[in-house]
Amino acid sequence: MRKKITLVGAGHVGATCAHDIAAKNLGDVVLLDVVEGLPQGLGLDMLQAAPIEGFDGQILGTNDYADTKNSDLYVITAGLARKPGMTREDLLRKNAQIIKSTTEQIKKYSPDSIIIVVTNPLDIMCQVALSISGFESRRVMGMAGILDAARFRAFISLEFKVPAREISAMVLGGHGDAMVPLPRLTLVKGKPLTDLLPKEKIDSLVERTKNGGAEIVNLLKTGSAYYAPAAAAALMAEAVLLDQKKLLPCSAYLNGQYGLKEVYIGVPVKLGRSGIEEIVELKLAPEEISALKRSAAVVSENFNILKGEIL
Ligand code: TXD
């Protein structure tokens, strides 16, 4: 059976991810947005790339959730960016509303689907999608750790002039400032980063990784990163749809793992057909555990702001 994948939000990340997923030949792609004409136009453009790039999935642009019926997987990138004068809390509420209405439609049209959330603030939006959908938590996950780890690997590769594919990295915790990179478990050609660089140098690479998104926003002036975020979400979609059981850092709902409960946070998971098939518990140093807990506390605090208002 051909798979059906819906991208909610045909903005920078959504459209790029739709193309990445189509180019990987993962199935038929539906691109949905509230803006009339946008997903239809982009969908047609992508369809015309198919003869050149050699993929054969159908691509449909739409404003109607009925067209997404029976999707196997949704990637939610719909959302607003922060505008001047808007506080983080304003954005939190606005995007939570969008995730809420999107999730209601997903539940209605594809009750057996898997949801990958990309919209920021990421970990909290995952929690909104979980609570509105009522899906098992293994079917609702967020994309952040793959992107953060990729940024870390990219900066290390610049430092060592080694291809990024020879570097492996693990980044846990919340997305953005709250991320918890693990230099100890970051390997350059199989050797731990901590054996290869002095602490100050590692700290500066970690700092650049934490600010990876902001660095790009400052350069672009309008809009934010999308090639790497889209590629990361497409990698998750691939792991699920092809049942790869791949180990990837993703935002997952913890239920006791790492001493945390009822909160979404970035941890290593195994992704396969049924979603998050296992949450892998790494042996962490005490300071790494406390950083993870601090990160989770911020997510819970923000989620509580939404309780009673939106949920
Ligand atoms: O690591 C990560 N998780 C992230 C997160 C990395 C990069 C981007 N990240 C977040 O993804 C970003 O902060 C935003 O919250 C989302 C989407 O980023 P993108 O750069 O794609 O934003 P755009 O280009 O503004 O696109 C958003 C689209 C736009 O076309 C809107 O019309 C649409 O979302 N939108 C909606 N679509 C469907 N339904 C509703 N309700 C809706 N509201 C807005």
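Everything here concerns the structure above.
Every chain's residues receive numbers from 1 upward, in the order its sequence appears when written. Reporting of local features is limited, given that this is a predicted model, to residues whose pLDDT is at least 70; pairs of side-chain atoms are given and counted only at 80 or more, and all residues count toward the totals for whole chains, interfaces and linings. Excluding hydrogens and water, the side-chain values take into account all heavy atoms of the structure.

*Asks:* Can you lay out the pairing of strand S14 (residues 275-279) for me, pointing to particular residues and giving the numbers?
*Replies:* Looking along a regular strand, one sees the side chains alternate between the two faces of the sheet. Strand pairing follows a simple DSSP-based rule, namely that at least 2 bridges must link the two strands. Secondary structure elements are taken from DSSP: a helix is a run of H or I of four residues or more, a strand is a run of E of two residues or more, and numbering for both begins at the N terminus. Of the strand pairs in this sheet, strand S13 (residues 261-272) and S14 are connected by four bridges, and their pairing is antiparallel. Looking at the pairing, Val269 lines up with Ile279 of S14. Between S13 and the antiparallel strand that follows it, S14, lie two residues.

*Asks:* Would you mind going over the packing of aromatic side chains in detail, with residue names and values included?
*Replies:* Note on aromatic pairs: the rings of Phe, Tyr and Trp (six-membered ring only in Trp) are paired at centre separations within 6.5 Å, and the planes decide the class, stacked below 30 degrees, edge-to-face beyond 60, tilted for the rest. Considering all chains together, one arrives at two aromatic pairs under this definition. With 4.9 Å between their ring centres and 35° between their planes, Tyr226 and Tyr227 make a pair best called tilted. Centre to centre, the rings of Tyr253 and Tyr264 are 5.3 Å apart; their planes meet at 50°, and the pair counts as tilted. With Tyr253 in strand S12 (residues 246-255) and Tyr264 in strand S13, this pair connects stretches of sequence that are 11 residues apart. A relative accessible area of 18% places Tyr253 in the buried class. Classification of residues uses two cut-offs on accessible area relative to the type maximum, computed with a 1.4 Å probe and protein chains only: under 20% is buried, over 50% is exposed, and between them is partly exposed.

*Asks:* Any details on the side chain of Ser71? Residues and values, ideally.
*Replies:* Here Ser71 shows up in the loop between strand S3 (59-62) and strand S4 (73-76). There is a polar contact of 2.6 Å between the side chain of Ser71 and the backbone oxygen of Thr68. Two residues form a contact once any of their heavy atoms are found within 4.5 Å. What Ser71 contacts, discounting residues up to four positions off in sequence, is Lys4, Thr6, Ser110 and Ser113. Side-chain atoms alone can form a polar contact between residues adjacent in sequence; in general such a contact is a pair of N or O atoms within 3.5 Å, and within protein one must be able to donate a hydrogen while the other accepts it.

*Asks:* Summarise the environment of Leu147; cite the residues concerned and give the values.
*Replies:* Looking at the secondary structure, you find Leu147 in helix H5 (residues 145-160). If we ignore the near neighbours within four places in the chain, the residues touching Leu147 are His175, Ala228, Pro229 and Ala232.

*Asks:* An account of the packing of helix H3 (residues 88-109) against helix H4 (residues 122-133) is needed here, citing residue identities and associated values.
*Replies:* The angle between the axes and the distance between the axes are what describe a pair of packed helices. Between H3 and H4, whose axes approach to 9 Å, the crossing angle comes to 35°. The handedness of the crossing between H3 and H4 is right-handed. Across the interface between the two elements, Leu92, Asn95, Ala96, Ile99, Lys100, Thr103, Glu104 and Lys107 from H3 touch Ile124, Met125, Val128, Ala129, Ile132 and Ser133 from H4. By residue class, the composition of the contact of H3 with H4 is eight nonpolar, three polar and three charged. Every axis corresponds to a line fitted to the C-alpha atoms, with the helix fit spanning only the stretch in contact, and the corresponding angles, defined between N-to-C directions, vary from 0 to 180 degrees. Note on convention: near helix rotated counterclockwise from far helix by under a right angle means a left-handed crossing. Clockwise means right-handed. Ten residue types, Ala, Val, Leu, Ile, Met, Phe, Trp, Tyr, Cys and Pro, are classed as nonpolar, four, Asp, Glu, Lys and Arg, as charged, and the remainder, Gly among them, as polar.

*Asks:* Any details on a nonpolar patch on the surface? Residues and values, ideally.
*Replies:* A contiguous nonpolar patch, built from Val34, Val35 and Leu38 and spanning about 280 Å² of accessible area, is present on the exposed surface. Note that Leu38 resides in helix H2 (residues 38-53). Assessed through its relative accessible area of 32%, Leu38 is described here as partly exposed. Only residues above 30% relative accessible area that lack a salt bridge enter a patch, with like-charged residues linked at up to 9 Å and the nonpolar side chains Val, Leu, Ile, Met, Phe, Trp and Tyr linked at up to 5 Å. Using a 1.4 Å probe, accessible areas were evaluated by the Shrake-Rupley method; residue-level cover was limited to the displayed protein chains. A carboxyl oxygen of Asp or Glu within 4 Å of a side-chain nitrogen of Lys or Arg is what we treat as a salt bridge.

*Asks:* Pulling in residues and values, what's your account of the environment of Ile106?
*Replies:* Position of Ile106 relative to the elements: it lies in helix H3. Separated by 65 residues in sequence, Ile106 and Val171 place their C-alpha atoms 30 Å apart. Among residues more than four places away in sequence, those in contact with Ile106 are Tyr74, Ile76, Pro111, Ser113, Ile115 and Phe135.

*Asks:* Can you tell me about the nonpolar core, naming the residues and giving the values?
*Replies:* Residue types Ala, Val, Leu, Ile, Met, Phe, Trp, Tyr and Cys, when buried and joined through side-chain atoms within 4.5 Å, form a set referred to as a nonpolar core. By size, the foremost hydrophobic cluster in this structure holds 86 residues, and its most contacted members are Leu7, Ile21, Leu73, Val75 and Leu271. Considering every element that reaches this core, the biggest residue donor is helix H9 (residues 227-241), with nine residues. Apart from residues lying up to four places away in sequence, Leu73 is in contact with Lys4, Ile5, Thr6, Ser113, Ile114, Ile116, Ala237, Val240 and Leu241. Counting residues in hydrophobic clusters, the runner-up holds 15 residues, among them Val162, Ile167, Leu197 and Val206.

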